[in-house]
Amino acid sequence: MFFQDGLTGSAWGDWALFTASPLRAFEGELGVQAPVGFWDPVGYTRDGNVETFKRRRETEIKHGRVAMYATIGYIVPEYFKWPGYLSPSLGLSFDDVPNGLAAISKVPGQGWSQIVAFAGYYELFVYKYNGTPGDYGWKAITSSDPEALNKKLSAEIANGRLAMMAIIGMFFQDGLTGSAWGDWANYTDSPLRAFEDELGVQAPVGFWDPLGLARDGDVATFQRRRSVELKHGRIAMLATMGYITPEVAGKFPGYLDPSTGLKFEDVPNGLAAFSKVPAGGIAQILLYMGWCEVSRGAGSDIASGRPGDFGWYVLTSSDPEEKKKKLSAELANGRLAMMAIIGMFYQDGLTGSAWGDWANYTDSPLRAFENELGVQPPVGFWDPVGFTKDGSAENFKRRRSVELKHGRIAMLAT
């Protein structure tokens, strides 16, 4: 209400009352079109300077016209080229000049000089700014009806804006694929193509590398990362099952460590097991892991060009398609297990159980305030900034007092 009142003189904020806004100077200009209206998110026009606005509008119209020519110049040669020679002295015919960016390498230096000289001549001597943006005395778009003229000139600006986006898109696609129409099948030199048929490239994501780790196309590096991914995925699948199985199937009978009288059933599930397993047991686990890592030679699977292949096959088939399906499933399940085991660690650390029952997390400082006034559905106790994370009841009460006082004043003011 303060903001609207300050802008418009009314708490109800009728935009029609805000006549002093610098934005009002341009809201009736050409190019202000539905549904966006006057759109200046960067605030170029916030100073209300009319001359600066006209200069920018002049530049916009000029760039839009050039972009419309350029866009048509991409499209037309796909269907028609002039007969005869572009440069008789060099024996260069129009047919010899490819469409798009590749033409830059074919047009001779003298041709570029002529193009630059022609553009400079019109820029400096013919199409000189006269105070009316885009008006150079040669009117292709005109009408004696002011409404029809406004509609035509607005259409020119809109089409010019579209053409500026279109020509940049064509440049980008042409640079990638050699064609302005951007057929991905033509982009054979992309380093991403080296890995798009690898295991793990699955619908709906396809080849997904948002960090660009594979953009250098290095096969050896890709295979090393794939080996690490498979290894971590396999460990994560075992770890996930290691969390679940003791909860469902129970634990082995007898003693884990007879010398200390430690039974299997004495070892809790999850992270709490670290405090129970004796140091000798942890050492045995680490030694076994190290033996598995180096027994066939560290990196032997990468050296053979078969990441994850250690000569012991659980997932295999004589049918290549069936084998690929199984190995892809292993990768997908390993990725899921890596996410799952991290979630289990996090829940276990918070609640003492891998299943993460919030009722078990009695030591959270947030529990101190979850029954206070103001904790209402659907949000519940909501403190995204973490003001109450210290659990201080005095600080909470002081903030609640301030909140109530400000709320009461605001209700009276409203």
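Only a predicted model underlies this, so the values are computations on that prediction, with no experimental measurement involved.

Visitor: How would you summarise the overall build of the chain if you had to cite specific residues and measurements?
Guide: Across its full length, the chain holds nine helices and four strands. Listing every helix and strand of the chain by position from the N terminus yields α-α-β-β-α-α-α-β-β-α-α-α-α. Looking at the chain as a whole, 21% of its 414 residues qualify as buried. Looking at the chain as shown, the accessible area adds up to about 29,300 Å², and 62% of this sits on carbon and sulfur atoms.

Visitor: Any details on the environment of Gly28? Residues and values, ideally.
Guide: Along the chain, the position of Gly28 falls in the loop between α1 (2–8) and α2 (50–75). What makes Gly28 exposed here is its relative accessible area of 74%. Between the C-alpha atoms of Gly28 and Phe38, which are ten residues apart in sequence, the distance is 8.5 Å.

Visitor: Can you explain the pattern of salt bridges? Please cite residues and give values.
Guide: Within this structure, the stated rule accounts for nine salt bridges. Here Arg65 and Glu156 are joined by a salt bridge, their closest N and O atoms 2.5 Å apart. Placement of Arg65 in helix α2 and of Glu156 in helix α4 (residues 146–177) is noted, with a sequence separation of 91 residues between them. Residue Glu156 is classed as buried on the basis of its relative accessible area, which comes to 12%. The partner of Arg226 in a salt bridge is Glu229, with the nearest N and O atoms 3.0 Å apart.

Visitor: Residue-level account of the confidence of the model for the chain, with values.
Guide: Averaged over all residues, the pLDDT of the chain is 83; the fraction at 70 or higher stands at 89%. When mean pLDDT is taken per element in the chain, helix α9 (residues 393–413) scores highest with 93 and helix α7 (residues 300–303) scores lowest with 70.

Visitor: Can you tell me about a nonpolar patch on the surface, naming the residues and giving the values?
Guide: Among the surface-exposed residues, Leu101, Ile104, Trp112, Ile115, Ile168 and Phe171 lie close enough to one another that they form a single nonpolar patch of about 540 Å² accessible area. Of all the elements in the fold, those that place two or more residues in the nonpolar patch are α3 (109–126) and α4. Residue classification places Ile168 among the exposed positions, given a relative accessible area of 54%.

Visitor: Could you give an account of the side chain of Ser328, naming the residues involved and the relevant values?
Guide: Tracing the backbone shows Ser328 in helix α8 (residues 320–351). When neighbours within four sequence positions are excluded, Ser328 is seen to be in contact with Leu199, Gly200 and Gln202.

Visitor: Account for the side chain of Asn99, naming residues and giving values.
Guide: Here Asn99 is to be found in the loop between β2 (92–93) and α3. A polar contact is formed between the side chain of Asn99 and the backbone oxygen of Tyr74, at a distance of 2.7 Å. Only 2.8 Å separates the side chain of Asn99 from the side chain of Glu78, close enough to count as a polar contact.

Visitor: Outline the packing of aromatic side chains, listing residues and values.
Guide: Overall, the coordinates contain ten aromatic pairs when judged by the stated rule. Note on Phe80 and Trp82: the rings are 5.4 Å apart at their centroids and 75° apart in plane angle, and the pair reads as edge-to-face. On the basis of relative accessibility, which here comes to 44%, the residue Phe80 falls in the partly exposed class. On the numbers, 6.4 Å between centres and 25° between planes, the contact of Phe369 with Phe381 is stacked. One end of the pair, Phe369, is in the loop between α8 and α9; the other, Phe381, is in the loop between α8 and α9, and twelve residues separate them in sequence. Look at Phe369 and you get buried, because its relative accessible area is 2%. With a relative accessible area of 25%, Phe381 lands in the partly exposed category.

Visitor: Explain the packing of α2 against α4 to me, using residue names and the numbers behind them.
Guide: The contact between α2 and α4 brings their axes to 7 Å, and the two run at 50°. In terms of orientation, α2 lies oblique with respect to α4. Our pair here, α2 against α4, has a crossing hand that is left-handed. Contacts from Arg57, Glu60, Ile61, His63, Gly64, Arg65, Ala67, Met68, Ala70, Thr71, Tyr74 and Ile75 of α2 reach α4 at Glu156, Ile157, Asn159, Gly160, Arg161, Ala163, Met164, Ala166, Ile167, Met170, Phe171 and Asp174. Along the lines of polarity and charge, the residues of the contact of α2 with α4 split into 13 nonpolar, five polar and six charged.

Visitor: Account for the packing of helix α5 (residues 219–248) against α8, naming residues and giving values.
Guide: Taken N-terminus to C-terminus, the directions of α5 and α8 make an angle of 50°; their axes are 7 Å apart at the nearest point. For the element pair α5 / α8, the angle class is oblique. Here the hand of the crossing between α5 and α8 comes out left-handed. Residues Arg226, Glu229, Leu230, His232, Gly233, Arg234, Ala236, Met237, Ala239, Thr240, Tyr243 and Ile244 of α5 pack against Glu330, Leu331, Asn333, Gly334, Arg335, Ala337, Met338, Ala340, Ile341, Met344, Phe345 and Asp348 of α8. Residue classes in the contact of α5 with α8 are distributed as 13 nonpolar, five polar and six charged.

Each value, and the rule that gives it
- By convention here, each chain's residues receive numbers from 1 onward along its written sequence.
- With pLDDT at 70 or above as the cut-off, local features in this predicted model cover only qualifying residues; side-chain atom pairs require 80 or more to be listed or tallied, and sums for whole chains, interfaces and linings still use all residues.
- Side-chain numbers come from the whole structure's heavy atoms, not from hydrogens or water.
- Runs of H or I in DSSP of at least four residues are treated as helices and runs of E of at least two as strands, each being numbered from the N terminus.
- Working definition: with a 1.4 Å probe on protein chains only, accessible area under 20% of the residue-type maximum means buried, over 50% means exposed, and in between means partly exposed.
- Residue exposure ignores everything except the shown protein chains as possible cover, and the areas themselves are Shrake-Rupley values with a 1.4 Å probe.
- The term salt bridge refers to a pairing of a side-chain nitrogen on Lys or Arg with a carboxyl oxygen on Asp or Glu at a separation within 4 Å.
- pLDDT expresses how confident the predictor is about each individual residue, on a scale running from 0 to 100.
- Patch members must show over 30% relative accessible area and no salt bridge, and they are joined within 9 Å when carrying like charges or within 5 Å when they are nonpolar side chains of Val, Leu, Ile, Met, Phe, Trp or Tyr.
- Pairs of residues are marked as contacts when any of their non-hydrogen atoms sit within 4.5 Å.
- Polar contacts here mean pairs of N or O atoms no more than 3.5 Å apart (in protein, one a potential hydrogen donor and the other a potential acceptor; neighbouring residues in sequence count only if both atoms are side-chain atoms).
- Aromatic rings from Phe, Tyr and Trp, with only the six-membered ring used for Trp, were paired whenever their centres fell within 6.5 Å, and each pair was classed as stacked if the ring planes differed by under 30 degrees, edge-to-face if by over 60, and tilted otherwise.
- What counts as an axis is a line fitted to C-alpha atoms, over the stretch in contact for a helix, and the angles between N-to-C directions run from 0 to 180 degrees.
- An angle below 35 degrees is read as roughly parallel, one above 145 as roughly antiparallel, one from 65 to 115 as roughly perpendicular, and any other as oblique.
- Note on convention: the crossing is left-handed when the near helix lies turned anticlockwise from the far helix by less than a right angle, right-handed when the turn is clockwise.
- In the scheme used here, Gly and all other residues not listed as nonpolar or charged are polar, with Ala, Val, Leu, Ile, Met, Phe, Trp, Tyr, Cys and Pro taken as nonpolar and Asp, Glu, Lys and Arg as charged.

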